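Tertiary structure, described
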Amino acid sequence: MADNRSSVLSLLVVLVFQVLWFERGISVKVTYDNKALVIDGKRRILQSGSVHYPRTTPEVWPQIIQKAKEGGLDVIESYVFWNYHEPLKGEYYFEGRFDLVRFVKAVQEAGLFVHLRIGPYACAEWNYGGFPLWLHFIPGIQFRTTNNLFKNEMKTFLAKIVNLMKEEKLFASQGGPIILAQVENEYGNVEYAYGIGGELYVKWAAETAISLNTSVPWVMCAQGDAPDPIINTCNGCYCDDFSPNSPSKPKIWTENYSGWFLSFGYAVPYRPVEDLAFSVARFFEKGGTFQNYYMYFGGTNFGRTAGGPLIATSYDYDAPIDEYGFTRQPKYGHLRDLHLAIKQCEEFLVAEDPKHQQLGVNLEAHVYYKSSNHCAAFLSNYGSKSDATVKFKGRSYFLPAWSVSILPDCKNVMLNTAKIVSQRSLEFTRHHGLSEFTTPSSTWSWYEEKVGVNGKNSFTTSSLLEQINTTKDTSDFLWYTTSVNVTEDARHGETLEALLVIESLGHAALAFVNKKPIGFGFGNHDFSSFILSKTVTLNSGSNTLDILSMMIGLQNYGPWFDIAAAGIFSVTLAGLDNSKRDLSSTEWTYQVGLEGEHLGLDNISLANSSLWIQGSTVPKNKSLIWYKSTVLAPGGNGPISLNLSSMGKGQAWINGHGIGRYWSSYLSPSTGCSEKCDYRGTYDSFKCLKKCGEPAQTLYHIPRTWVHPGENLLVLHEELGGDPLKISLMTRTGQHLCGHVSDADHPSADSWKPDLDFKSQKPEVRLACDQGYTIASIPFASYGTPEGVCGAFSHGTCHANVLSTVQQLCIGKQKCSIPVSAAILGDPCPGMLKSLAVEVLCSA
């Protein structure tokens, strides 16, 4: 009893200290030992989550951070994005979404720590991995190897960020929230490709980081040869078997993938929370002390920030907080409960190494002792097929396959990773919480691009040019234009057919013969190269061939990714002169970007320009056309979606802000998805997929702060063809939540009380709307043997009508709890195992 009271007192001391630290800016020392990070002399168990500041707006940062805190996180982790902080050499930018200091201070104000991953290589499915493209054009430079030109620029930027944080007193030793910093990123995955230069580069990067005197530990993720005192950390879906490269370093997990990123042309990946929770519990069970979700909030790749090739605009990542800032249930709630259970074990986990007990085939226990009579235990069934019942300390415990039970007192199960008692939510649809607003056809104007170069800023060479070196990423587009002269085998006025073959390194291309479209070719995320082969009709005499080559994000990952090429590299015509004609070395005329880009059609200043055409019939299904409309923002304060399901491929802007790239016409493969993915067994990014045969994305996030009352300017550049009249705006007006808990389920994790028989407490159905919403109605409530799933519940053979009870407890409230108890709800079938299923609708 005394020991349990001591545990509670110690936890309260930690929490009070943390609050006082952030409120008063108390300077503390951060070190580490073989067990954990040591903050002000105390070992800590830390839950962390990645939140990238540019992937949402500053006005939303506090809400996201607060939800992360309420979800049980201690640390916010973010990369630093060099290409936007130093867009031109020596010119720095730290404003708006890129106000790094404001973001770190927002985390501090919430009472959380920061892990700042300075890199400066980020990967992150971010354009060019976060490197500024001007680096690429420094003569003689080689990235991420022992190249002095690169090292000088990298050191300068590292020092810039570290000094900025010091000036603002943001390191822990200065009273700030930063307790960890990272240099480089996942270099161990590609180091082999750089030979001895890579090995020397790793040592230099470590030495450079240490020399900056941050006073907090540095880490290198996925870097087995990280030299002391740098901590090497693990990235992956499972890190329970990871060991650092020195017995003096703690076991840290910097990237635990909550889902996976989205690519155009691919199905939508997701990761079941039962598996994610299993991976986390196994990590702490086997000695881990710091774990980070990548991502906890994913957000949006606004504008042209998405990496490549073909990374989508949504960076939702199936994270616990979705792209729009709403909690994703049950992932958010189940992980929150898991964090509570692990936090209850903190003093045991940092005290000493666990004692291992084999309980059967694929069954084991890890027991942490503070004293001979006081312990915490993790019971695991790491088999993927068979449930099991095990004996531990004289008691029986049921363990579903691929699950971990956490016993903070070595007796009572506080949580099992496969048993979800937290609420669930339905995806937002027109029928569940979304309101849709269309735009009248009378508001649309358009501007048609001319095919090919227009003479302005064009230039001519006698070869095919690589695209990135030509455009310098100032635009996604590069026009390749040449002429084809047909003089033989055709009399004047006659035509000939020929096979046109265009080979490209990526990522997509539209081809025109004599200004008429003849074909569209494209690659995908894994294989961006493609061949466009079409039979074309040529006139006698001179013919024009125009190719619009398109980039969809610069490559962001892989060995030597910085020199990956793109654009057209071969053009041939077969069937003329009874031979194949190679056009690759003929005279080509080039133009970087589109005429509409040079004019600035996306800018508000041109909203009323005479360049725009308005008429009674809006052109549809036409390539290379700009559309403009004025739209009224939906009412309310929540985020907005732009529905572009009727469009083909292009980019969109609202009031001059880049919403991002869209590609609604690129459908994912029709196979590979399943209605329910089995969480049991090893996860990878192709295991659990949804929306097969559909576009990767049709809804595009518009932050509320980007619109204002009254008319807002919406501009689109459509590359392939679509119907703008079917474009609509959507906003969330409600939520559809469910809870389904049985008599046999564990009580809610936050009702845990040491030294009490936890099982004697009653489980509850707990429902909570997001802030700003309250429970408006109860479509379903049944206690007995209800059947079905959230959104499709039905009464079972045993049913007690508990609707009035649930209404009394929940209607008009932001959250409510309903005890799963026959004493309160009545007993419709004595002696049977019963459950309570409830559905509620929340409204703003």
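1. What about the pattern of salt bridges?
For the structure on display, the rule yields 35 salt bridges. With a shortest N-O distance of 3.0 Å, Arg 680 and Asp 678 are connected by a salt bridge. For the salt bridge of Asp 750 with Arg 766, the shortest nitrogen-to-oxygen distance reads 2.5 Å. Residue Asp 750 is located in the loop between strand S41 (734-742) and strand S42 (764-768), and its partner Arg 766 is located in strand S42; the two are separated by 16 residues in the primary sequence. Of the residues examined, Asp 750 reaches a relative accessible area of 47% and is grouped as partly exposed. Residue class for Arg 766 comes out partly exposed when judged on its relative accessible area of 28%. Shared partners join several salt bridges into a network, and the residues in it are Arg 44, Asp 74, Lys 343 and Glu 346.

2. A word on the state of the cysteines
Summed over the entire model, instances satisfying the criterion amount to 8 disulfides. Through a disulfide, Cys 234 is tied to Cys 239; the S-S separation comes to 2.0 Å. On the sign convention where negative means left-handed, the S-S torsion of about -75° between Cys 234 and Cys 239 marks this disulfide as left-handed. This pair shows no difference in class: Cys 234 is buried, exactly as Cys 239 is. Two residues share a disulfide in this structure: Cys 798 and Cys 829, whose sulfurs sit 1.8 Å from each other. One quick way to see it: the torsion about the S-S bond of Cys 798 and Cys 829 is about -80°, and its sign makes the bridge left-handed. Here Cys 798 is found in the loop between strand S43 (774-784) and strand S44 (799-801), whereas its partner Cys 829 is found in the loop between helix H13 (822-825) and strand S46 (835-843), with 31 residues between them in sequence. Comparing Cys 798 with Cys 829, the two get one shared label, buried. Here Cys 221 is not disulfide-linked; the sulfur of Cys 123 is the nearest cysteine sulfur, at 9.4 Å. Here Cys 221 falls in the buried class, since its relative accessible area comes to 2%. Free of any disulfide, Cys 237 has its nearest cysteine sulfur in Cys 239, 8.8 Å distant. Accessibility expressed as a relative area gives 15% for Cys 237, which makes it buried.

3. Thoughts on the packing of aromatic side chains
Aromatic ring pairs: the centre-centre distance and the angle between the two ring planes describe each pair. Applying the stated criterion across every chain, the model contains 56 aromatic pairs. A ring pair is formed by Tyr 128 and Phe 143, whose centres lie 6.1 Å apart and whose planes are at 65°; its orientation type is edge-to-face. A residue pair is termed long-range when its members are at least 10 positions apart, and Tyr 128 in the loop between strand S6 (113-119) and helix H5 (148-167) and Phe 143 in the loop between S6 and H5 qualify at 15 residues. Pair check on accessibility: Tyr 128 and Phe 143 agree, each one buried. A ring pair is formed by Tyr 257 and Trp 260, whose centres lie 5.2 Å apart and whose planes are at 85°; its orientation type is edge-to-face. For the cation-ring pair, Arg 144 lies above Tyr 121, with the distance from its terminal atom to the ring centre recorded as 3.8 Å.

4. Some words on helix H8 (residues 331-344)
The terminal C-alpha atoms of H8, which comprises 14 residues, lie 20 Å apart, in line with the 20 Å expected from a rise of 1.5 Å per residue. Along H8, the positions that sit buried rather than exposed are Lys 331, Tyr 332, Gly 333, His 334, Leu 335, Asp 337, Leu 338, His 339, Ala 341, Ile 342 and Lys 343.

5. So, the pairing of strand S15 (residues 374-381)
Judged by how many residues are buried, S15 sits mostly within the fold: 7 of 8 residues are covered. Where strand S14 (residues 363-371) folds back onto S15 in an antiparallel hairpin, the turn is made up of 2 residues. Pairing of S15 with strand S18 (residues 403-407), which is carried by 5 bridges, proceeds in the antiparallel orientation. In the strand pairing of S18, Asn 381 is matched with Ser 403.

6. Comments concerning the sheet that holds strand S36 (residues 657-663)
Sheet architecture is open: 5 strands sit in the order S22-S33-S39-S35-S36, paired in antiparallel fashion. Strands with a single pairing partner mark the edges of an open sheet, and in this sheet they are strand S22 (445-448) and S36. The sheet shows a mean angle of 20° between the axes of neighbouring strands, taken without regard to direction. Alignment of strand S35 (residues 649-654) against strand S39 (residues 711-718), held across 5 bridges, turns out to be antiparallel. Note that in S39 the partner of Trp 653 across the bridge is Val 715.

7. Structural notes on the packing of H5 against helix H6 (residues 195-211)
Taken N-terminus to C-terminus, the directions of H5 and H6 make an angle of 25°; their axes are 11 Å apart at the nearest point. Taken together, the axes of H5 and H6 are roughly parallel relative to one another. As for the relative orientation of H5 and H6, their crossing is right-handed in sense. Residues Phe 150, Lys 151, Met 154, Lys 155 and Leu 158 of H5 pack against Tyr 201, Trp 204, Ala 205 and Thr 208 of H6.

8. Digging into the sheet that holds strand S4 (residues 46-51)
Spatially, S4-S5-S6-S7-S8-S9-S10-S12 is the arrangement adopted by the 8 strands of the closed barrel, whose pairing is parallel. Each strand axis lies, on average, 30° off the axis of its neighbour in the sheet, ignoring direction. Bridge count for strand S10 (residues 252-257) against strand S12 (residues 290-297) is 4 bridges, and the pairing is parallel. In the strand pairing of S12, Tyr 257 is matched with Tyr 294. Docked against the sheet, helix H4 (residues 100-109) engages S4, strand S5 (75-79), S6 and strand S7 (178-183), running at close to 150° with respect to S6. Those strands touched by H6 are S7 and strand S8 (218-221), and its axis lies near 155° from that of S8.

9. Considering the confidence of the model for the protein
Low pLDDT marks stretches whose predicted atomic positions should not be read closely. Of the residues in the protein, 95% reach a pLDDT of 70 or more, and the chain-wide mean stands at 94. In the model, residues 1-13 has pLDDT below 50 throughout and makes 12 contacts with residues more than four positions away in sequence or in other chains.

10. Focus: the nonpolar core
Ranked by size, the top nonpolar core spans 139 residues in total, and within it Met 165 and Leu 338 carry the most contacts. With residues up to four places along the chain from it excluded, the contact list for Met 165 reads Leu 100, Val 101, Val 104, Leu 116, Leu 170, Phe 171, Gln 174 and Ile 178.

Cut-off values and rules
- Residues numbered from 1 in each chain as written.
- Predicted model: local features only at pLDDT ≥ 70, side-chain atom pairs only at ≥ 80, totals over all residues.
- Heavy atoms only, no water.
- Salt bridge = Lys/Arg side-chain N within 4 Å of Asp/Glu carboxyl O.
- Helix = DSSP H or I, 4+ residues; strand = E, 2+ residues; numbered from the N terminus.
- Buried < 20%, exposed > 50% of the residue type's maximum accessible area, 1.4 Å probe, protein only.
- Disulfide = S-S within 2.5 Å.
- Phe/Tyr/Trp six-rings, centres within 6.5 Å; stacked < 30°, edge-to-face > 60°.
- Lys NZ or Arg CZ within 6 Å of the ring centre and 35° of its normal.
- Expected span 1.5 Å × (residues − 1).
- Pairing = 2+ DSSP bridges.
- Axes fitted to C-alpha atoms, helices over the stretch in contact; angles between N-to-C directions.
- Parallel < 35°, antiparallel > 145°, perpendicular 65-115°, else oblique.
- Left-handed = near helix turned anticlockwise from the far one by under 90°.
- Contact = heavy atoms within 4.5 Å.
- pLDDT = per-residue confidence, 0-100.
- Core = buried A, V, L, I, M, F, W, Y, C linked by side-chain atoms within 4.5 Å.

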